[in-house]
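What the coordinates show
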Amino acid sequence: MAQRSTDLAQPCNFVARDDCWKKYIESELESARRWSHKWGFLKTPPAELIEDEKKENTKPKIELPEHLQVRPVTPVEKYIKVIPSPPVPKTTQGFIGWRSAVPGLELERGFQIQSCKGTFYKDLKWPCEPSD
């Protein structure tokens, strides 16, 4: 009841309210007109979309020349040989470096770093292999 009394006390401009209502209706009609242009694809039934995908899959496959065909995958076991691990150490201190102490499982192997501009150790005239 308190709201009604305050609403009656405020002056009402019917022309301004009518103008606002007209603008609101115009914007709604304009939005409805533009909706189909922006979002009309959402009205497409899923069955039509699936039919389009099926039509695309019916393309004939082109036979590639032999030099462009992908070769079959070679099994990893052919290139990587896994040897059994040494026994697990009984103490936690033995875990430090226990695999690298075995000659076949060492982490650092003798290799040379190669780059197109030369290697850093050659610039410093260091030996190829580390010395202990």
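This structure is a prediction, so every number in the text was calculated from the model and none was measured.

**Some details on the overall build of the protein chain**
On a plain count of helices and strands, the protein chain comes out with four helices and zero strands. Sequence-ordered secondary structure for the protein chain, helices as α and strands as β, is α-α-α-α. For the protein chain, with 132 residues in total, the buried portion stands at 4%. Here the protein chain displays about 13,900 Å² of accessible surface, and carbon together with sulfur accounts for 60% of that area.

**Considerations on the confidence of the model for the protein chain**
Looking at the protein chain as a whole, the pLDDT averages 76, with 64% of positions reaching at least 70. Within the protein chain, helix α2 (residues 14-39) carries the highest mean pLDDT (92), whereas helix α1 (residues 2-9) carries the lowest (55).

**Some details on the pattern of salt bridges**
Under the definition given, this model contains three salt bridges. A salt bridge links D18 to K22; the nearest nitrogen and oxygen atoms lie 3.7 Å apart. Separated by four residues within a single helix, D18 and K22 lie in helix α2, roughly one turn from each other. Of the residues examined, D18 reaches a relative accessible area of 38% and is grouped as partly exposed. In this structure K22 comes out as partly exposed when scored by relative accessible area, which is 46%. Across the pair E30 and R33 runs a salt bridge whose closest N-O atoms are separated by 2.3 Å. On the criterion of helical spacing, the pair formed by E30 and R33 is a turn pair, its members being three residues apart in helix α2.

Criteria and thresholds
- Residue numbers run consecutively from 1 along every chain, following the written order of its sequence.
- Owing to the predicted nature of the model, reporting of local features is limited to residues with pLDDT of at least 70; listing and counting of side-chain atom pairs is limited to 80 or more, with chain, interface and lining totals taken over all residues.
- Hydrogens and waters are ignored; side-chain quantities use all the structure's heavy atoms.
- Working definition: helices are DSSP H or I runs of at least four residues, strands are E runs of at least two. Numbering for both runs from the N terminus.
- Think of it in three bands: residues with accessible area under 20% of the maximum for their type are buried, residues over 50% are exposed, and the middle band is partly exposed, with areas taken using a 1.4 Å probe on protein chains only.
- Accessible surface area values rest on a Shrake-Rupley calculation with a 1.4 Å probe, where residue burial reflects the displayed protein chains alone.
- pLDDT: the predictor's confidence for each residue, scored from 0 to 100.
- Any carboxyl oxygen of Asp or Glu that lies within 4 Å of a side-chain nitrogen of Lys or Arg is treated as forming a salt bridge with it.

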